[in-house]
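Okay, here's what each chain looks like letter by letter:
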Amino acid sequence: MKSFKLSMDVYSAKEKLTTILGSPITSLSPIEMGELSKVFSFECNGHAYVAHFKETKDSLVKANYIYQTYGSRLPIPKVIEVEELDGIFISITEKAAGKPISTFSPVQQEFILRDVARQLVKLGQLDINQTLGYGWISPKGKTTSTSWTETIEKFFAIDPDDFYQDWTRLYEESFLERPLFEEGFSSMMKLLRYAPKSPLLVHGDFHLGNMLSDGNKVTGIVDWEMAMYGDFMMDVAGLHFWHPALDFPRKVQDICRLHDIDIPHFEERLRCYMLFKAVDGLRFYAKQDARPSYDYIKGRLKTLLLDK
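For the structure given in this document, a descriptive report is provided here. Source: prediction; values computed, not measured. (Residues numbered from 1 in each chain as written. Predicted model: local features only at pLDDT ≥ 70, side-chain atom pairs only at ≥ 80, totals over all residues. Heavy atoms only, no water.)

1. Here we look at the packing of aromatic side chains
Item 1. All told, the structure shown has 17 aromatic pairs when counted by the stated rule.
Item 2. An angle of 65° between the planes, with centres 4.9 Å apart, marks the rings of Phe175 and Tyr294 as edge-to-face. With a gap of 119 residues between them, Phe175 in the loop between helix H5 (170-173) and helix H6 (178-191) and Tyr294 in helix H10 (residues 291-306) connect regions that are remote in the sequence.
Item 3. You can call Tyr294 buried: its relative accessible area is 0%.
Item 4. Each residue in the set Trp136, Phe155, Phe156, Trp167, Tyr171, Phe181, Phe185 and Phe276 is aromatic and connected to the rest through ring pairs, giving one cluster. (Phe/Tyr/Trp six-rings, centres within 6.5 Å; stacked < 30°, edge-to-face > 60°. Helix = DSSP H or I, 4+ residues; strand = E, 2+ residues; numbered from the N terminus. Buried < 20%, exposed > 50% of the residue type's maximum accessible area, 1.4 Å probe, protein only.)

2. Focus: the packing of H6 against helix H9 (residues 266-287)
For any two helices packed against each other, the geometry is given by the interaxial angle and the distance between the axes.
Item 1. For the pair H6 and H9, the least separation of the axes is 9 Å and the interaxial angle reads 150°. The angle between H6 and H9 falls in the class roughly antiparallel. Of the two elements, H6 crosses H9, and the hand of that crossing is left-handed. Facing Leu180, Phe181, Gly184, Phe185, Ser187, Met188 and Leu191 of H6, the residues of H9 in contact are Glu268, Arg271, Cys272, Leu275, Phe276, Val279, Leu282 and Arg283.
Item 2. When grouped by side-chain class, the residues that make up the contact of H6 with H9 number 10 nonpolar, 2 polar and 3 charged. (Axes fitted to C-alpha atoms, helices over the stretch in contact; angles between N-to-C directions. Parallel < 35°, antiparallel > 145°, perpendicular 65-115°, else oblique. Left-handed = near helix turned anticlockwise from the far one by under 90°. Contact = heavy atoms within 4.5 Å. Nonpolar A, V, L, I, M, F, W, Y, C, P; charged D, E, K, R; others polar.)

3. Focus on H10
The periodicity of an α-helix, 3.6 residues per turn, causes residues three or four places apart in sequence to face the same way.
Item 1. For H10, spanning 16 residues, the distance from its first C-alpha to its last is 23 Å, which sits close to the expected 22 Å at 1.5 Å a residue.
Item 2. Here H10 has its buried residues at Tyr294, Ile297, Lys298, Arg300, Leu301, Leu304 and Leu305. The buried side chains of H10 occupy one side of the element, clustering within an arc of 165° when seen end-on. In H10, the exposed positions that point more than 90 degrees away from the buried face belong to Pro292, Thr303 and Leu306.
Item 3. Where H10 is buried, its residues contact H6, helix H7 (233-242) and H9. (Expected span 1.5 Å × (residues − 1). Arc of directions from axis to C-beta.)

4. Some words on the pairing of strand S10 (residues 218-221)
Item 1. Here strand S9 (residues 211-213) pairs with S10 via 3 bridges, running antiparallel. In the strand pairing of S10, Leu212 is matched with Gly220.
Item 2. With antiparallel pairing between neighbouring strands as the criterion, S9 and S10 make up a hairpin whose turn holds 4 residues, including Gly215 at a positive phi of roughly 100°. (Pairing = 2+ DSSP bridges.)

5. Considering the packing of H7 against H10
Item 1. Contact geometry of H7 with H10 gives a least axis separation of 12 Å together with a crossing angle of 115°. The two elements H7 and H10 meet at a crossing, and its hand is right-handed. On the side of H7, the interface is formed by His240, Phe241 and Trp242, while H10 contributes Tyr296, Ile297, Arg300 and Leu304.
Item 2. When grouped by side-chain class, the residues that make up the contact of H7 with H10 number 5 nonpolar, 1 polar and 1 charged.

6. Some details on helix H1 (residues 10-21)
Item 1. Along its 12 residues, H1 runs 16 Å from first to last C-alpha, staying within 8% of the 16 Å computed at 1.5 Å per residue.
Item 2. Where H1 is concerned, the buried positions are Ala13, Lys16 and Leu17. Looking straight down H1, one finds its buried side chains confined to an arc of 95°; they lie on one side. Every exposed residue of H1 that faces more than 90 degrees away from the buried side is listed here: Tyr11, Glu15 and Thr19.
Item 3. Against the buried residues of H1 lie strand S1 (26-31), strand S2 (38-44), strand S3 (47-54), strand S4 (79-85) and strand S5 (88-94).
Item 4. Residue Asp9 occupies the N-cap position of H1, its side-chain oxygen lying 3.2 Å from the main-chain nitrogen of Tyr11.
Item 5. Phi for Gly22, located one or two positions after H1, is positive at around 70°. (Polar contact = N/O pair within 3.5 Å; in protein donor to acceptor, adjacent residues only side chain to side chain.)

7. What to know about the nonpolar core
For soluble globular proteins, the rule of thumb is that nonpolar side chains tend to be buried together.
Item 1. Core analysis: the biggest nonpolar cluster contains 82 residues, and Leu201 and Phe248 have the highest contact counts within it.
Item 2. Membership of the second largest hydrophobic core comes to 15 residues, among which are Met8, Cys44, Ile90 and Ile92. (Core = buried A, V, L, I, M, F, W, Y, C linked by side-chain atoms within 4.5 Å.)

8. Describing the environment of Leu270
Item 1. Tracing the chain through its elements places Leu270 in helix H9.
Item 2. For Leu270, a relative accessible area of 8% corresponds to the buried category.
Item 3. Placed 75 residues apart in sequence, Leu270 and Ala195 show a C-alpha to C-alpha distance of 9.9 Å.
Item 4. Discounting residues that sit within four places of it in the chain, Leu270 has contacts with Met233, Val236, Ala237 and Pro249.

9. Some details on the sheet that holds strand S7 (residues 135-136)
Item 1. The strand order S7-S11-S8 describes an open sheet built from 3 strands, whose pairing is antiparallel. Unpaired on one side and paired on the other, S7 and strand S8 (200-202) mark the two borders of the sheet.
Item 2. Two strands pair when backbone bridges link them, and S7 and strand S11 (residues 228-230) are joined in this way by 2 bridges, in the antiparallel orientation. Within S11, the position partnered with Trp136 by the bridge is Met228.

10. A few points about the pattern of salt bridges
Item 1. This structure, assessed with the given rule, holds 15 salt bridges.
Item 2. Between Lys251 and Glu110 there is a salt bridge whose closest N-O contact spans 3.2 Å. Placement of Lys251 in helix H8 (residues 248-258) and of Glu110 in helix H3 (residues 106-124) is noted, with a sequence separation of 141 residues between them.
Item 3. Looking at Glu110, the relative accessible area reads 38%, which means it is partly exposed.
Item 4. Across the salt bridge formed by Asp247 and Arg250, the nearest N and O atoms sit 2.6 Å from each other.
Item 5. A relative accessible area of 36% means that Arg250 is categorised as partly exposed.
Item 6. Here the salt bridges do not stand alone but share partners, grouping Asp247, Arg250, Asp254 and Arg257 into one network. (Salt bridge = Lys/Arg side-chain N within 4 Å of Asp/Glu carboxyl O.)

In short, geometric facts, not functional conclusions.
Here it is in C-alpha cells:
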C-alpha cells in the first residue's frame, strides 16, 4: 500500500523543533494522524505541544486561520507558530488535555459522544459571513466557489495540480470501476438540492481520532486542514460512515431536539454526504492501490445505492 506522508523520523523532528524553539525537546513521540502530515507530540520548557510536518505550508497556515477565527467559540488548540526549515513546513500548537476519543473504550466513547454532538451542532450554528462564499478555505480565509454544488463538482474535477491530478486515468490504470463510481456520484449530486442556501463551517475530516477528550467532554478538535464552507452535515456523515455503530446522527438529532434546533432535510443531507464519502473513498483507495480498503468501500456504496 502506498503512503503519501512526508518521511520524518524522531531524530530529524527533534533537531528541527529544537532549532525553532531554541530549547531542549523532551518526550517526543509520533502520532498516527492524517494521510499527508507527519505529526509528533513533545514537551518543551514544561509545556506540551503537537507539531505537524508537511512539504507544503498552505494547509498549516489555513489551520492557523481557523484557530484565529473560530478558536474562541470552538475547542481548537492554540497555534503557536508556523515555520519553514530546510524546505519543510512545521506547525506547532498547544496540546489539548486528554487523548483522542478513538482510544477510549466503547462505553466511554458512548458517554463522550453526547458532547461531540453538542460541539458539532454548535459548529453548524456558527454565523458565517455570507460574502466568504463556499468551498475550500484558503490560508487567508477566502473561497473560490459561489455555491456548495459548485464546490462538490470541483472536488471531483480533473486538475493537474491537485493531489488526484488526472484521476480518471485510474479507470484504466487501477481497479476503480467507472459504472459504480458514476452511479454513486449521480445519486449524490441529485441530493445536493437539499443542502442549505447559506454557507456553514465544515471541519472536513471529522472523526474520533481528530477529537480529544478528558473522558467527560471534548477538549480539542484538531486537524482543520480540510476545512470548508458548505454544509456541516458532511461532518455528521463522515463520522457515521466510518463508525455506523455509534449511531451518531441520532445523537445529533437528540441535541437539536433538546435545544429546539431544526436541521431541514436531515436524512437527505446525511445520505448525500454518505455517498460523497463512498465515491471519494473509492477514488482514494484506488490511487493508494489498497484493494482490501477499496472493496470495503465498494460494499458500503452498493448498500447505500440499494437503500433509497
